[in-house]
Amino acid sequence: MTTRVLVPSGVLGLGFDRAALSRGVATKPDIIAIDGGSTDSGPWSLGAGQSKYSRAATKAEWRHLMQARAEAGVPLVIGTSGTCGADATVDWMYAITAELAAELGQKLTVARLYSQQPARRVVQALEEGRITPLTPAPEIDADGLRAMANIVALGGVEQVQAAIATGADIILCGRVTDTATIAALPLARGEAAGGAWHGAKIAECGALCSTNPTSGVILVDFDEAGFTVEAMAETALCTPHSVSAHMLYENSDPFQLYEPGGYLDVRGANYTALDARRVRVEGSEWVPGPYTVKLEGARAAGYQTTIMAVLRQQHYVTHAQEWADKLQAFLTAQITERMGLTPPDYTLEFRMIGVNGALGALENRQGQPAEVGVLGIVTAATQEIASEIGKLINPWVLHYPLTEDEELPTFAFPYSPATTDRGPLYEFALNHVMALEDPMSAFRLTVSEVG
């Protein structure tokens, strides 16, 4: 038996080749699976419980996938709905789905898999010794867990299989592993466990495992010995190199991948080109282990205001970091004198865009930029304080001289007002696993009709 999984893209919201999707649907897949998010963009989405992707773009792409599902007559499943997989973003996807069902004249059964964890459940697991830190992991306690904005657990195939078993047309998952939505059906149908997990890992980001990563659409056939992967865009090819290389993507070990209930071992995998477009993989192994789910949590870490100036005078461009260091020392004294605040009441950081904006002190390249952007980041306990500090430092970010005996400089503000209130700042505060005896004990399913 073969289980065919169509993966339209690495994530909903980034686009895919529509002709390639149609070509994939024509192959008669058994299920259509796509990811909806990850932690790639940082903790804000989880902390705020909001998607980072445009609702309009999400709805437009989901419309095409709902039409493809109707044509294929198979389930459509999305993992980690709304970037972070919190309950609020699952409901956000549900609202989009209901709108589209009405617009498309489709009557559908929709299953929602919720992954958000009440703090009391995690506190109880901590007290029972069922929480284990990964590396690195912050220290946690009951009070810290209760203070978190949102906590989610990453579901695996068991939770997705339970959702599929409801017979739903569309399955909206909360936080699940990137591979779970792809591996769930093949494993439920008895395909090779090693091949199911390995093929799911290769296909998790769509055509990223091909020679045309932006084309999106990938087709994977799973069977009792392994899997075969093929890109659906005419301009995309899967090669042994492009396929095997994806084990390196977002994975600390290119030969092992940990999932709920065990890990994938690909040290014995063989990659064979069947033709110019398709690659056959066999020899992967699944090693069962204790059933644990990874926990992700985000907590509020203050509020931020930013300010931006641009240095173009060569004297200041050449000495940008020296200028910023002197400015920071001067402004720290001004904030103490005028507002009575001292670190750690707030933080003030300047990043030199074009010099070391990404790496800071770790930057080892030197160049001759024509201009340098100076990004000031203020973080404080409240937005009011952060905003006030931003206004206080504004005149000096515009005019502060490098030395005492030179004319007062004037830099450029790229927009007005120069300060921007960014709102709440969140930070990741959990990198742990929680042991479960019953995989569904920390998750819940809701099934309803739309359209």
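You'll find the structure just up there.
Now for a look at the structure at hand. (Residues numbered from 1 in each chain as written. Predicted model: local features only at pLDDT ≥ 70, side-chain atom pairs only at ≥ 80, totals over all residues. Heavy atoms only, no water.)

If you tally the helices and strands in the protein, you get 13 helices and 19 strands. When the backbone C-alpha atoms are referred to their principal axes, the protein occupies close to 80 × 50 × 50 Å. Expressed as a percentage of the 451 residues in the protein, the buried residues total 52%. In the protein, of all internal contacts separated by at least 6 residues, the share reaching a separation of at least 24 is 78%. In the structure as shown, the protein presents an accessible area of about 19600 Å², 51% of it carried by carbon and sulfur atoms. Here the protein holds 32 positive side-chain charges and 51 negative ones, and the gap between their average locations is 6 Å. (Helix = DSSP H or I, 4+ residues; strand = E, 2+ residues; numbered from the N terminus. Buried < 20%, exposed > 50% of the residue type's maximum accessible area, 1.4 Å probe, protein only. Contact = heavy atoms within 4.5 Å. Areas by Shrake-Rupley, 256 points an atom, 1.4 Å probe, with all protein chains shown as cover. Lys, Arg positive; Asp, Glu negative; His and termini not counted. Charge placed at Lys NZ, Arg CZ, Asp CG, Glu CD.)

Residues of helix α7 (residues 157-164) that are buried: Val157, Gln159, Val160, Ala163 and Ile164. With its buried residues spanning 165° around the axis, α7 presents them on a single face. (Arc of directions from axis to C-beta.)

Residue Thr135 is joined to Pro136 through a cis peptide bond whose omega torsion reads -5°. When you line up the elements, Pro136 lands in the loop between β5 (131-133) and α6 (142-146). Here the amide bond leading from Ser416 into Pro417 is cis, since omega sits at 0°, within 30 degrees of zero. The phi angle at Lys28 is positive, at roughly 60°, despite the residue not being glycine. Considering the arrangement of structural elements, one finds Lys28 in the loop between α1 (18-26) and β2 (31-37). The exposure class of Lys28 is exposed, given its relative accessible area of 69%. The phi dihedral of Glu250 falls on the positive side, at around 50°, and the residue is not glycine. Following the sequence through the fold, Glu250 ends up in the loop between α10 (240-245) and β10 (256-259). Take Glu250: its relative accessible area is 44%, and that puts it in the partly exposed class.

What follows concerns the packing of aromatic side chains. Within this structure, the stated rule accounts for seven aromatic pairs. Aromatic pair Phe222 and Phe227: ring centres 6.3 Å apart, planes at 40°, arrangement tilted. For the pair formed by Phe222 and Phe227, the shared burial category is buried. Measuring from ring centre to ring centre gives 5.0 Å for Tyr316 and Phe411, while their planes differ by 70°; the resulting arrangement is edge-to-face. (Phe/Tyr/Trp six-rings, centres within 6.5 Å; stacked < 30°, edge-to-face > 60°.)

A few words on the layout of surface pockets. Roughly 1200 Å³ of volume is contained in the largest pocket. Every residue lining the largest pocket is counted, 38 residues in all, and those nearest its centre are Leu134, Leu154, Leu257, Tyr258 and Lys294. The element best represented in the lining of the largest pocket is strand β18 (residues 419-435), accounting for five residues. Here the residues of the lining of the largest pocket sort into 15 nonpolar, 13 polar and ten charged. What the second largest pocket holds in volume is close to 390 Å³. Lining the second largest pocket are 23 residues; nearest its centre among them are Gly10, Val11, Leu14, Cys205 and Tyr249. For the lining of the second largest pocket, the class distribution of residues is eight nonpolar, nine polar and six charged. (1 Å grid on protein atoms, 1.4 Å probe; cavity = no way out; pocket = protein on both sides within 12 Å on 5 of 7 lines; lining within 4 Å. Points joined across faces, edges and corners; volume = space filled by probe spheres on them. Nonpolar A, V, L, I, M, F, W, Y, C, P; charged D, E, K, R; others polar.)

Time to look at the sheet that holds β10. Across the sheet, three strands lie side by side as β10-β11-β14; this open sheet has antiparallel pairing. With one partner strand each, in any of the chains shown, β10 and β14 (285-288) form the two edges of the open sheet. Taking the axes of each pair of neighbouring strands and ignoring which way they run, one obtains an average angle of 20° across the sheet. With respect to the sheet, helix α9 (residues 193-203) is in contact with β10, β11 (262-265) and β14, its orientation differing from that of β14 by roughly 105°. (Pairing = 2+ DSSP bridges. Axes fitted to C-alpha atoms, helices over the stretch in contact; angles between N-to-C directions.)

What follows covers the sheet that holds strand β19 (residues 444-450). Spatially, ten strands are ordered β12-β13-β9-β8-β1-β2-β3-β7-β4-β19 in an open sheet, and the strand pairing comes out mixed. With partners counted over all chains shown, the strands left at the sheet margins are β12 (270-273) and β19, one partner each. Here the average twist between neighbouring strands, direction ignored, is 20°. In this structure, β12 lies alongside strand β13 (residues 278-282), joined through four bridges in antiparallel fashion. When the sheet's bridge partners are listed, Tyr271 is paired in β13 with Val281. Packing of α9 onto the sheet brings it into contact with β1 (3-7), β8 (218-222), β9 (226-231), β12 and β13, and relative to β8 it is tilted by some 175°.

Attention now goes to the nonpolar core. Trp62, Leu172, Ile218 and Val229 are the most contacted members of the largest nonpolar core, which totals 94 residues. If sequence neighbours within four positions are ignored, Val229 has contacts with Cys209, Ile218, Leu219, Val220, Cys238, Val243, Arg277, Arg278 and Val279. Of all hydrophobic cores here, the second largest spans 29 residues; its members include Ala309, Val317, Leu331 and Tyr346. (Core = buried A, V, L, I, M, F, W, Y, C linked by side-chain atoms within 4.5 Å.)

Enumeration over the complete set of coordinates arrives at 23 salt bridges. Here Glu103 ties to Lys59 by a salt bridge, and the two come within 2.8 Å at their closest N and O atoms. Taken as a pair, Glu103 in helix α4 (residues 87-104) and Lys59 in helix α3 (residues 55-72) lie far apart in primary sequence, 44 residues in all. With relative accessibility at 42%, the residue Glu103 sits in the partly exposed group. Two residues, Arg351 and Glu349, come together in a salt bridge whose shortest N-O distance is 2.8 Å. (Salt bridge = Lys/Arg side-chain N within 4 Å of Asp/Glu carboxyl O.)

Using the criterion set out here, one finds zero disulfides in the structure. Its sulfur unpaired, Cys84 is 14 Å from the next cysteine sulfur, which belongs to Cys173. On the basis of relative accessible area, Cys84 is assigned to the buried category, the value being 5%. (Disulfide = S-S within 2.5 Å.)

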